[in-house]
Amino acid sequence: MVEKTDQPDVFLLSIAYKYTGLLAGLVWPLILILKEIPPGRFPHTFSVIFFTVIYNIISTKMMLKGKLLKLNKILAGVLNIFFVSLLVYYTGGYKSNLWVMFLLPLITISLLYTPRQVILAASFVAIVFCFLYFSQAEKIWFEDLAWLLLKVGMFFVISLVFRKIVDLEIRHRVAFQEKSRELSKTQYYTDNIVKSMLDSLIVVNPDGKMEKINKAALDILGYKEKELTKKPVTEIFSQKDATLFQGSQWEELLNKGFIKDLELTYLTRKGEKIPVSLTGSVMRDEEGKTEAVVAVLRDMRAMKALISGLEKAEREVRQYSESLERKVDERTKEIIKHAHEFSVIYEISKSISYTLDIHQILETIMGSLHRLIDYDIFASLLLEGSEGELIIESSHSLDERDIQMVKSNLASAGASLFGRTVRPEDIRVTLKRERSFRLSQEFKGQLKSFLNIPLSIDNVPTGIIHISSFSRSAFSEDDARILHTIADQVASAHKKLKDLIFKEKRKIESMVESMAEGVIMTDENDNLIALNPAARKMLGISSEGVISDREIWIHFGKLKLGRLYQRLYEQPGDDVFIEDLDLDEPKPISLKVISSLVRNHLGERLGVVTVLRDITKEKEVDRMKSDFISFVSHELRTPLTIVKGFATIILGEASGKLTREQKEQLSYISESIDRLSRIISNLLDISKIEAGKLRLQKRNIDIVSFINKVLRSFRLYAKGKGIKFETCFDSKLSRVLADPDRLTQVLTNLVDNAIKFSGKNGQIRIEAKEGKDAVEVSVADSGIGISAENFNRIFNKFQKVESGIRSKLKGTGLGLPISKEIVQLHGGKIWVESEIGKGSKFTFTIPKQWRGVTRYENGKENFGH
Amino acid sequence: MKMVKKILVIDDEDLVVEVLRITLGMRNFQVITAGDGGEGIERAVREKPDLIILDIAMPGLDGYQVCQKLKENEITKAIPIIMLTALGQSGERKKGYSCGACDYIFKPFDEEELLNSVERALKCKRSPYLKKRRNANL
């Protein structure tokens, strides 16, 4: 449709006007003819002529651009001229001319818009006609109405038909226009490319004349465009190149169709010669006729310079890399050699760092040195005073002459290196065979080369390292240097190690000597290394003089110490042994003996370190404590038993009738004794708990009968205070696993407290409930109560709540801490709920029979064991 | 007629002995006494009591040693023994049972407690421990 294109309005209007013009030209004279109007001249005729002619000129001009519609245009023009002639002929001043003119723009609009808009326009036309009709003087209804319908209908049909035609044409035009726009774009690009090319571009026609020359070409040649256009191309090339554009060569080029990388020479306006490279192709039209030759010419000056520069650079690089390679090779060889030397020297120095034995050090050197230096004999002379020890190693058997030679060589070396004379006859010789040495080819002959290096340790000349060979000049400066390095390494490593060991030894020795604990150290062969003064004193070994290991071991055997060592050796995997040892001699002493095996990093046994600690005093204190506890228990409890016994006897009226008062007073005595007895028990318990000595003897207990039993013991006491017990037990209660004595203690403490704090005529409620893992027992009183901030304090040792009334009440304050300990030892919990003035409720849990304490270990509380 | 049971009380504390004598006497027990371990063993052998109440802490032979000796003696070994202790340590209880005692009473004791213990002990002529020990020896 029309509105789907994005054509400019002017373009659409031109099309619309073309067709409306045609329509006008058709309709207008037709009406005049039908009305039989005689030909005449009217002013508005000119406007019609003007409109049609002007329109035709403009639209023809526009249409000529598109060849496709040429025919259509001519036809339209011819028809137009025909209609306009008729119009001119018939035009008269009839009223209908007015509305025809009026309709023209409406039809124009209707051509441009949708059918709906066309209908709208038609309706508008109908209204206009109606208006015209009613403004007429004479009205012939029927006829006029028929006319009106005919006119509107015609308008409508004509509009639609013309619309269709316009649509078609627009589509053609749009296609054409797009194509031409594409062409002009390509043209534009091409022009720009040509313009911006740095290379020369010359278009030559088949006659050899230049058609087009781009800016680059003009710049390089120094001409202006018009100076060269249509001139023979030979003008811009040197004489010898001119032949290319003439005769057979030119023909050949035209036939071939292209030419590539042809080297030519420009001849500029100033006569300068510039080398260029030509690439060209022949342009042909559709019939294959040659149209032109397009030649691209590249300025080769820069390129030539570049190439020669590159060649030079390449030569230089090649030379440089050759020399570099040579250097790298040399250096690599050197580095490899050094690395090898270092690795061997490092190996030697590493192994000598672990030993102080000079023989071992020399052996290490021998083992590695032949990897660095080729030699046939390795010898070392160790000087001991005026004597010497010579060790000779060789891969093959040496005759006496060779040995003598080495000997005298080393003797004289010793003299010259250290200024000490060692007579060859004072040198002991040891011969060793070492197969890993190389075999010199001339080994049968005499020793021809040798190298002696002095070896000094702690600045004392210690020996000489000697290597010799059967080859002539076998050793280089480098070999001497290596041997020197090794000798230095040996010396410094030896010194460092010795210093270190000495220092450590002194440190340990002074530490051990000054320790208050006795220390006995033995080596892997049970030789005594250390026995410090403290140990001597403890074991009764004289601190004066040296005693043999044998004596010591005999002594140890007497003291049962030897037995400990025996056990330490016999029990694999157990490197530490701790035992208490009581000695009677020289004086009674208790020792804690801690023996441990000492191993090196490989796990080999190096010896045993035994530490003796005098625990006589600790034991004494411990014993005193138990004695004291026994004393307190026995000495206090026995009189209590007597007092209580007699009080009970008197109460039982065995020795005569008592008054009510006497009975009451006696029962107070009895109760107080019970309390006193409990206090003593509590004190003992606390000391036991502190020492971790409280042990439980657990049994299965039926909690109900257990509680009843405890309550029975309080019967009298409670009765005296007018206190009532109320019990409430779950119908089904599991048996618990507990120490009955200890559990009695807990419950007794709670009930005792409840009675104590309940006051006269109180009530105490004892409950037992079945919990998930434990049985819950609670004792609730109707007493004075405890404030919340004291909940934790009452379970702490020696804490008593400092509330007015309570502070007057008696008790050790130990009952609850002990109860807490006991409950926790059982794996249970204890807590209190209370409100001041309303009473307190103490609750504790005891795990059921099948439960162990261990399950509670991960709980919030640490119960201790 | 119910036989009057004879109970031997061995304790170095005269007053404790006296308390026990009166308390048990009131319950129609015949009470004989001994002031130390040696005398106690002697009387036990001679009088063959139905029950022995034995104090642990005594000069000379202590309660354990006396108990052990009585249990080793053919004549007295079947007599149930109640240990009387002022110490009340669990370890001692174990020690007492291991030498053949059938019950323990802690000082200071209740009358009720004492009588319960005595009645129990008289019922079991042979302590369960002894049977066990015999089995172990076989």
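Residues numbered from 1 in each chain as written. Chains lettered and ligands numbered in written order. Predicted model: local features only at pLDDT ≥ 70, side-chain atom pairs only at ≥ 80, totals over all residues. Heavy atoms only, no water.

1. Some points on the overall build of chain A
The secondary structure content of chain A amounts to 21 helices and 22 strands. Here chain A holds 865 residues, and 40% of them are scored as buried. At a minimum sequence separation of 6, the contacts of chain A that also span at least 24 residues come to 63%. Of the roughly 50,500 Å² that chain A leaves accessible, carbon and sulfur atoms contribute 58%. (Helix = DSSP H or I, 4+ residues; strand = E, 2+ residues; numbered from the N terminus. Buried < 20%, exposed > 50% of the residue type's maximum accessible area, 1.4 Å probe, protein only. Contact = heavy atoms within 4.5 Å. Areas by Shrake-Rupley, 256 points an atom, 1.4 Å probe, with all protein chains shown as cover.)

2. Regarding unusual backbone geometry
Here the residue pair lysine 107 of chain B and proline 108 of chain B is connected by a cis peptide bond, since its omega of -10 degrees sits within 30 degrees of zero. Mapped onto the elements of the fold, proline 108 of chain B is located in the loop between β5 (103–106) and α5 (111–123). Here lysine 230 of chain A, not a glycine, exhibits a phi torsion of approximately 70 degrees, which is positive. With a phi close to 65 degrees, asparagine 28 of chain B is a non-glycine residue in the positive phi region. As for its placement among the helices and strands, asparagine 28 of chain B is situated in the loop between α1 (14–26) and β2 (30–34). What makes asparagine 28 of chain B exposed here is its relative accessible area of 63%.

3. So, the packing of helix α19 (residues 703–721) of chain A against helix α20 (residues 740–758) of chain A
All names here are of chain A. Where α19 contacts α20, the two axes come as close as 10 Å, and the packing angle between them is 35 degrees. The element α19 and its partner α20 pack so that their crossing is right-handed. From α19, Ile703, Phe706, Ile707, Val710, Leu711, Phe714, Tyr717, Ala718 and Lys721 reach across to α20, where they touch Pro740, Leu743, Thr744, Leu747, Thr748, Val751, Asp752, Ile755 and Lys756. Its residues placed into classes, the contact of α19 with α20 shows 13 nonpolar, two polar and three charged. (Axes fitted to C-alpha atoms, helices over the stretch in contact; angles between N-to-C directions. Left-handed = near helix turned anticlockwise from the far one by under 90°. Nonpolar A, V, L, I, M, F, W, Y, C, P; charged D, E, K, R; others polar.)

4. A few points about the confidence of the model for chain A
All names here are of chain A. Of all residues in chain A, 72% attain a pLDDT of 70 or more, and the chain-wide mean is 74. Taken element by element, chain A is modelled with least confidence in helix α4 (residues 96–112), mean pLDDT 50, and with most confidence in strand β20 (residues 774–780), mean pLDDT 92. Counted against residues more than four places away or in other chains, residues 92–99, with its pLDDT under 50, gives 17 contacts. Here residues 799–812 scores under 50 on pLDDT; set against residues more than four positions off or in separate chains, the count is 25 contacts. (pLDDT = per-residue confidence, 0-100.)

5. Some remarks on the interface of chain B and chain A
With 21 residues of chain B at the contact, the number on the chain A side is 25 residues. Between chain B and chain A, roughly 2,000 Å² of surface is buried when both sides are summed, and carbon and sulfur atoms account for 64% of that area. Where chain B meets chain A, there are one salt bridge. Among the salt bridges present, the one from aspartate 110 of chain B reaches lysine 644 of chain A, with a minimum N-O distance of 2.8 Å. For the side of chain B that touches chain A, the element with the most residues is α1 of chain B, which contributes seven residues. Residues of the side of chain B that touches chain A, tallied by class, amount to 10 nonpolar, four polar and seven charged. (Buried area = accessible area lost by both parts, 1.4 Å probe. Salt bridge = Lys/Arg side-chain N within 4 Å of Asp/Glu carboxyl O.)

6. Brief notes about the nonpolar core
Residue and element names in this part refer to chain A. Ile703, Ile707, Leu747 and Phe844 are the most contacted members of the largest nonpolar core, which has 43 residues in total. Ranked by residues supplied to this core, first place goes to α19 with eight residues. Setting aside its immediate chain neighbours within four residues, isoleucine 703 contacts Leu733, Ser734, Val736, Leu743, Val775 and Val777. (Core = buried A, V, L, I, M, F, W, Y, C linked by side-chain atoms within 4.5 Å.)

7. Considering the pairing of strand β12 (residues 528–531) of chain A
Residues and elements named next belong to chain A. With three bridges connecting them, strand β11 (residues 518–523) and β12 associate as antiparallel partners. From the neighbouring strand, isoleucine 520 faces β12, where its bridge partner is leucine 531. Taken together, β11 and the strand that follows it, β12, pair antiparallel across an intervening segment of four residues, in which aspartate 526 is found at a positive phi of about 65 degrees. (Pairing = 2+ DSSP bridges.)

8. Some remarks on the packing of α20 of chain A against helix α21 (residues 815–825) of chain A
Residues and elements named next belong to chain A. The N-to-C vectors of α20 and α21 enclose an angle of 145 degrees; their axes lie 9 Å apart at closest approach. Relative to α21, the crossing made by α20 is left-handed. For the pair α20 and α21, contact is made by Arg742, Gln745, Val746, Asn749, Leu750 and Asn753 and by Gly815, Leu816, Ile818, Ser819, Ile822 and Val823, respectively. Residues belonging to the contact of α20 with α21 are distributed by class as follows: six nonpolar, five polar and one charged.

9. Some details on the pattern of salt bridges
Applying the stated criterion to the full structure yields 26 salt bridges over all chains. The shortest N-O distance in the salt bridge between aspartate 674 of chain A and lysine 644 of chain A comes to 2.8 Å. Placement of the pair is aspartate 674 of chain A in helix α18 (residues 660–690) and lysine 644 of chain A in helix α17 (residues 616–651), with a sequence separation of 30 residues. Accessibility expressed as a relative area gives 25% for aspartate 674 of chain A, which makes it partly exposed. Across the pair lysine 107 of chain B and aspartate 11 of chain B runs a salt bridge, and its minimum N-O distance is 3.7 Å. Of this pair, lysine 107 of chain B sits in the loop between β5 and α5 while aspartate 11 of chain B sits in the loop between β1 (6–10) and α1, and the two are 96 residues apart along the sequence. Aspartate 11 of chain B gets classed as buried once you look at its relative accessible area, which sits at 0%.

10. Looking at a positive patch on the surface
Residues and elements named next belong to chain A. Among the surface-exposed residues, Arg699, Lys709, Arg712, Arg715 and Lys719 lie close enough to one another that they form a single positively charged patch. Residue contributions to the positive patch peak at four residues, all from α19. Its location among the elements puts arginine 712 in helix α19. (Patch = residues over 30% accessible without salt bridge, like charges linked within 9 Å, V, L, I, M, F, W, Y side chains within 5 Å. Lys, Arg positive; Asp, Glu negative; His and termini not counted. Charge placed at Lys NZ, Arg CZ, Asp CG, Glu CD.)

11. Considering a nonpolar patch on the surface
Where nonpolar side chains cluster on the molecular surface, the patch consists of Met303, Leu306, Ile307 and Leu310 of chain A and spans about 370 Å² of accessible area. Positionally, leucine 306 of chain A belongs in helix α10 (residues 301–352).

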